[in-house]
Amino acid sequence: MATLTSATPTREMALNPTLLWKRMRRELLSVVLVVVLFIVIIGPMLTVIFWAFAEQWRYPSLVPTKWGLSYWQETLTRADVTAALPLSIGLATIVTFLSAVICLPASYAFARMNFPGRQGFLLSFLATNAFPRFGLYVSIAVVFFRLNLIGTLPGVILIQIVNTLLLMIWIPTAAFQNIDRSLEEAALDVGASRVRVFLQITLPLVLPALSAAILLTFVSTFYEAQGALIIGVPNIQTMPVLMYSIINSQVIVQYGAVISLVLWLPSLLLLTFAQRFVRGNTISAGFGV
Amino acid sequence: MPYRKFFAVTLLVGILIGALIACSSPSAPPATSAPAATSAPAATNAPPPSGGKSVVNFYTDGDTNISDWIANKVKPAFEKAYPQYELKVTTVRGVGNGVADIAARAQAAMQTGADPQAEVFDWDPRGRPEYIQAGVFEKLSPANVPNAKNVPEAYYLSEYGMPYRGSQVLLAYDSSKIPDNEVPKTFADLVTWVKAHPGQFVYCRPDKGGSGGNFVVRALYEVTGKDPKIFQSADPDPKILAEFPKAWELLRSMHDSIYQNGSYPAGNNPVLELLANGSVSMATVWSDQSRQALDKGVLPPTIKVVQFTDLPMPGSYAPLSVVAGAKNKQGALDFVNFMLSVEEQTSVVKDIGGFPAIEWKYLPQDLQTQFTSVITNNVPYWPGGKWSTERDKGWYENVATNIKQGSP
Amino acid sequence: MTRPYNRKKIFMATARALTAQPAPPAAAKRRDLSGLFGYVLIAPPVAIMLLLIFYPAIEAVIETIFVSDAQTGQTTLSLQNYIAFFQDPILRANLTFTVLVTLATVFMLFVVGYPLAMYLRFSKSRLAGTVQVLTLFPLFVPGVILAFALIRFLGTHGMFDTLLGIVGISGYRTPYLQPQGIVIALVWEHIPFTVLVLTAGLRQVEDAVIESARDVGASGWQIFTRILLPLTTRSALIVFCLNVIGVFGAFTLPYLLGPAQPMMMGVSMQQAFNNYQDRIGALTQAVLTFLICAAVGVLYVRTITRPRER
């Protein structure tokens, strides 16, 4: 059904050039915008994609002079890469999960409870972004040595959680604040338990914001390198740490390009998930759900 | 409510992946188990991860040709020769300050008496004298590294770093654009050539890559009577420092004729890239890196390398340093000794296009004949340390910009 | 008018969060749980922040303002390190350069982001969704890959140069290793956030307001300058503040794409620390950078704590 409805206008357009042209004129701005954005946003990334599949690429050819997959095999069979990739995905997952566990109750408190210094505490999380990080790492390392956290998974998780606090607290706090309280109150008035009200009314209302916070946290953690380096090595070597070292110091461009593409995969997958629900939502909305 | 689904799926996928990793990756670094040993220094000999083998943690921030060579060639050979050890190679280049960060960590470990989780660095500790003073590094000599007896005295940079591979900065040019007879033979020739061909020559920032750093050093030699030996003291001689402005003037006079009216890339590899895609036709490069790039086809075969005939550009011997407080210090010393063996020194020449740190006469005869063209006893040595700081500061202040001269 | 796009909702939720918070505690005294429990709930993230940001940061500040005399070994409170910073013409140039690059970047972000946000707010085109995906895309590209890509896209004999060559344009001058290179890269990196917040701000302007203005004969330009701009100053201020904080301390992109000299503060402090072994000098620069970001942070805090005029 859904495919049918969405396919119809397309077919019409294809069959009727006048209509197509009219539509095109109406959409001219959009088309121009998409083309320009495509060149500006996707263009630079195309060079990375091309390099990943290039055996050789010499100026002045617009595309690689020799295509091939040999660097994929060479890169993906590197022992450091095969070890780092699952580690990175797992680490980002754990950090995101733990960050949600400690931050979401806090953001609920910030939004719903009244205690002295509430606003001050909430705003102080801005400091996690304002102090140049590198100035802090050496002192942090001293602390971590005392706590026996250097080179351990808990150590890396801790240092990476710091980077997630801002997003994971601010976004949900606002979501909790923006809920229309009358809904909850109405439910309470008809005798629903607090837990039930939270699970069935509050939570669904904040889920979009929570999804956003979690998605962004996962992506930024997945790409974090400096904290992971100073605290993690030698036992914990994440993909971004590896990628920095390969991109900056490798005469062979292809290794870096392949790793970049591999690193994109998880976040693109997440985006695709969102995409799928876009369509799902469109369909259900079409049926009036 | 599709959100709930989205949320649930995301969470589920996350948990699944996490679980998968937790149970399926013995090959992944055994993160959770490794640190257990750190709290109990008494129970030393057998750290858990490698089943009876003691780990030697090796750190490098060298370019990937070096780290790949260590990981793929040296590591198996070392573990075969010393079955009791496991060599763990970690590359820390590009993020933060590289090995210097790990050295800082080692110092922090000293303060608390913890295991620094670091044994050997492919790194020159002279860059951070405060760590040497603090006792972070072990003194190295033939007493604890027997093979060091074959290393010529002149190669030693300090008693805390054991030289183990050398390379030299060369002038690379595109022979399809520059006829061989026009290629500069001396530094003065180069200056003339660059000014006659604006935008065609480039070198990198001296602190970001040795191919640029040693080029700047060569300019310093040029204005101080072409005698590298005067730079040997650890503390820069004020009389010599007073001569530096002449070099800045010389380099500044080339500034506008450098690639893009004076744009200096941030490393050895960005320079090789400009050379590879034809943006420039001449540049300074490391001997080993250019050889690897030519072998792999990164540089077109028309690229050729030469050295100045009057006085070469400096090269350097990369040292290994050993952390004094390392848990497995004996393993570290054994590793340094192993790297100075004839087999590994041969590998330095054959696999990474480097120069050996032991004298050529100890290497196989056929190798000596094969490499006669590069065998030279005339590679100037630059002492680094404070001299390099003076070089970099002076360059940034007087060549990359002329703010200081312009201001009252 | 609401689109059933999941991504748009995510987009909106994020933007709303960043523009709307923190509203005064809703008039919810009725269900006010005890304050103590609130402290318990916020304790874990606050503790992590105190331990890993505030404690080392305070240590850094202390290290820069207490100067120990080499001969007597006595430590005194002194601003000597900061005076030294401002006496050094190179460091002064770096600071000025950082301010200029930051302002140029933020200015360009408005020039690019505002029209995009207007488009996303008002367009009824089917392609609006595509435009949105494209503007969000940079969120998923880490800085080092961006630098890697831009060098090969914008560099001499890069893809862009080659494209120009194909259509017959020569004499391309690359922004690689120029200040423009940093600005381009930083704008690219910060577009998603900018568009996100500005779109949310524009969405708070109700259609009815615009329609009634149109009814009394206001031109498009008048609607833009008299209605849209004034009503979105709040989100514009937020974009300004958070982008300044994000751009000012940037390291990776300026390091790989910018000129050797002058350099941005992020690069400059790394160099002081790493190449000149000047830990105190580097920390001084870090603290100064922080102070500037903190001043902008105060502006931000004042913006969001001010009650909305509506």
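Keep in mind it's a predicted model, so treat the numbers as computed, not measured.

Conventions adopted
Residues numbered from 1 in each chain as written. Chains lettered and ligands numbered in written order. Predicted model: local features only at pLDDT ≥ 70, side-chain atom pairs only at ≥ 80, totals over all residues. Heavy atoms only, no water. Helix = DSSP H or I, 4+ residues; strand = E, 2+ residues; numbered from the N terminus. Buried < 20%, exposed > 50% of the residue type's maximum accessible area, 1.4 Å probe, protein only. Contact = heavy atoms within 4.5 Å. Areas by Shrake-Rupley, 256 points an atom, 1.4 Å probe, with all protein chains shown as cover. Patch = residues over 30% accessible without salt bridge, like charges linked within 9 Å, V, L, I, M, F, W, Y side chains within 5 Å. Salt bridge = Lys/Arg side-chain N within 4 Å of Asp/Glu carboxyl O. Core = buried A, V, L, I, M, F, W, Y, C linked by side-chain atoms within 4.5 Å. pLDDT = per-residue confidence, 0-100. Pairing = 2+ DSSP bridges.

1. Brief notes about the overall build of chain C
Alright, step 1. When helices and strands are tallied, chain C shows 14 helices and 2 strands.
Alright, step 2. Counting over 310 residues, chain C shows a buried share of 55%.
Alright, step 3. Taking the intrachain contacts of chain C between residues at least 6 apart in sequence as the baseline, contacts between residues at least 24 apart amount to 73%.
Alright, step 4. As presented, chain C carries roughly 13200 Å² of accessible surface, and 66% of it is formed by carbon and sulfur atoms.

2. Some points on a nonpolar patch on the surface
Alright, step 1. Together, Leu28, Val32, Val35, Val36, Ile39 and Val40 of chain A line one region of the surface with nonpolar side chains, adding up to about 480 Å² of accessible area.
Alright, step 2. Looking at the element boundaries, Val36 of chain A is found in helix α3 (residues 28-52).

3. Thoughts on the side chain of Glu27 of chain A
Alright, step 1. Inspection of the secondary structure assignment puts Glu27 of chain A in the loop between α2 (17-26) and α3.
Alright, step 2. Those residues in contact with Glu27 of chain A, other than ones at most four positions away along the chain, are Ser125, Arg126 and Leu127 of chain C.

4. Focus: unusual backbone geometry
Alright, step 1. The omega torsion of the bond from Gln261 of chain C to Pro262 of chain C falls at 0°, within 30 degrees of zero and hence cis.
Alright, step 2. Of note, the phi angle at Lys226 of chain B is positive, near 50°, even though the residue is not glycine.
Alright, step 3. Summarising the element assignment, Lys226 of chain B is placed in the loop between α6 (210-223) and α7 (238-241).
Alright, step 4. Residue classification places Lys226 of chain B among the partly exposed residues on the basis of a relative accessible area of 35%.
Alright, step 5. In the Ramachandran plot, Leu177 of chain C falls in the positive-phi region, its phi being about 70° despite a non-glycine side chain.

5. Looking at the nonpolar core
Alright, step 1. Judged by nonpolar contacts, the single largest core of 141 residues is most densely connected at Phe201, Tyr203, Phe215, Trp248, Leu251 and Trp395 of chain B.
Alright, step 2. Apart from the residues lying within four places of it in its own chain, the contact partners of Trp395 of chain B are Tyr203, Arg205, Pro206, Val216, Trp248, Leu251, Tyr264 and Ala400 of chain B together with Ala260 of chain C.
Alright, step 3. Formed by 125 residues, the second largest nonpolar core is a distinct cluster that contains Tyr137, Ile159, Leu207 and Ile231 of chain A.

6. Quick look at the confidence of the model for chain B
Caution is warranted with low-pLDDT regions, since their predicted coordinates should not be read in detail.
Residue and element names in this part refer to chain B.
Alright, step 1. When pLDDT is averaged across chain B, the result is 81; 82% of the residues are at 70 or more.
Alright, step 2. Within chain B, helix α1 (residues 2-24) has the poorest average pLDDT of any element, 43, and strand β5 (residues 201-202) the best, 96.
Alright, step 3. Every residue in residues 1-50 is under pLDDT 50, and counting partners more than four places away or in other chains gives 60 contacts.

7. Some details on the pairing of strand β6 (residues 282-286) of chain B
All names here are of chain B.
Alright, step 1. Counting buried residues in β6 gives 5 out of 5 residues, a clear majority hidden from the surface.
Alright, step 2. Judged by which residues are buried, β6 turns out to be covered on both faces: Met282, Thr284 and Trp286 on one side and Ala283 and Val285 on the other are all buried.
Alright, step 3. One ladder, built from 5 bridges, connects strand β4 (residues 162-174) with β6; its direction is antiparallel. The residue of β6 that forms the bridge with Leu170 is Val285.

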